[in-house]
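One-letter residues, chain by chain:
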Amino acid sequence: MKGFFITGTDTEIGKTLTTGLLAKYFIEEGIDVFPYKPVQSGAIRKDDRLVASDTEFYENVTNRHFGNEANTYVLETPSSPHLAARIDGVSIKLEPIVEQVKNLRNAHELLLVEGAGGLIVPLNEEATILDLINEVSLPVILVARAGLGTINHTVLSVMALKQRNIHIAGIVLNQTSPDELEEIERDNKRMIEKLTGVSVIGLIPYMSQDALAEVNVKELFSNWKMDVLKEDVQSESATANR
């Protein structure tokens, strides 16, 4: 019945990485967690079927199989969802996604929903990821770049979420490059928290594929403000039980 919506300040910012690692962490904590990617564009064709690469990542990281319930729209064209859907001859509607979120929240202890791109990415000619977040009513984990240029993108994303009165559970900073200066990253965190009033709950260090395969999530998240996320889970559970 509980969950988070993982969105980002941009595409290729670390949403899938964050979702997969959080899923692995909560599974190791003994929680029945389900990662859901409602719209996947750029899917890979294998054995005459489309495979959602983000869901495949979740499965590889957690060593779990999530099946067809993990996606509602799987699109082959590698572009913004609205364009991929048009090219692939599909019509994306919010209603089936909202219904699936409801079903998965009822079936699992914790649901992690991953968006596509940033907040204003269009799903169709009328609705964006921000509209979808508003509809599913889940607290948001915002993933942002740790290095240079992140302050502007992150603050604007927080402003957009706050304008809709969407609760932000916290911000995750992801090291997308191994070459960023620590001083810049430290100051980015400080300024983002000062300008937004939202906690940066953790940092994901830059990891090679080999390092990712061997990552110890308990060690990784030991320096995170996991209590902030757990408070949201507990408060949401209390609200649902009233």
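Residues numbered from 1 in each chain as written. Predicted model: local features only at pLDDT ≥ 70, side-chain atom pairs only at ≥ 80, totals over all residues. Heavy atoms only, no water.

(A) A look at the pairing of strand β7 (residues 110-114). Across the five residues that make up β7, a large majority, five, are buried. Side-chain alternation along β7 places Leu110, Leu112 and Glu114 on one buried face and Leu111 and Val113 on a second face that is also buried. Across five bridges, the pairing between strand β1 (residues 2-8) and β7 is parallel. Its bridge partner being in β7, Gly3 is matched across the sheet by Leu111. One ladder, built from four bridges, connects strand β2 (residues 33-36) with β7; its direction is parallel. Counterpart to Pro35 in the pairing with β7 is Leu112. (Buried < 20%, exposed > 50% of the residue type's maximum accessible area, 1.4 Å probe, protein only. Helix = DSSP H or I, 4+ residues; strand = E, 2+ residues; numbered from the N terminus. Pairing = 2+ DSSP bridges.)

(B) Broad picture of the layout of surface pockets. Its volume calculated, the largest pocket comes out at about 810 Å³. Considering the residues around the largest pocket, the lining is formed by 31 residues, among which Glu12, Ile13, Gly14, Thr16 and Asp54 are closest to the centre. Elements that contribute at least two residues to the lining of the largest pocket include exactly α1 (15-28), β3 (39-40), α2 (53-62) and α8 (209-213). Here the lining of the largest pocket is built from residues that sort into 11 nonpolar, 15 polar and five charged. Put simply, the second largest pocket is a space of about 290 Å³. Where the lining of the second largest pocket is concerned, the elements lending two or more residues are α7 (182-196) and β10 (200-204). Looking at the lining of the second largest pocket residue by residue, the classes come out as eight nonpolar, two polar and five charged. (1 Å grid on protein atoms, 1.4 Å probe; cavity = no way out; pocket = protein on both sides within 12 Å on 5 of 7 lines; lining within 4 Å. Points joined across faces, edges and corners; volume = space filled by probe spheres on them. Nonpolar A, V, L, I, M, F, W, Y, C, P; charged D, E, K, R; others polar.)

(C) Focus on the nonpolar core. Phe5, Tyr36, Ile133, Leu161 and Ile171 are the most contacted members of the largest nonpolar core, which has 43 residues in total. Those elements that provide at least two residues to this core are β2, α3 (81-88), α4 (94-107), β7, α5 (129-136), β8 (140-145), α6 (150-163) and β9 (168-174). Broken down by element, the residue count for this core peaks at five residues, all from α5. Beyond its immediate stretch of four places on either side in the chain, Tyr36 contacts Glu69, Ala70, Asn71, Thr72, Ile97, Gln100, Val101, Leu104, Leu111, Leu112, Val113 and Glu114. (Core = buried A, V, L, I, M, F, W, Y, C linked by side-chain atoms within 4.5 Å. Contact = heavy atoms within 4.5 Å.)

On their own, these measurements won't tell you what the molecule is for.
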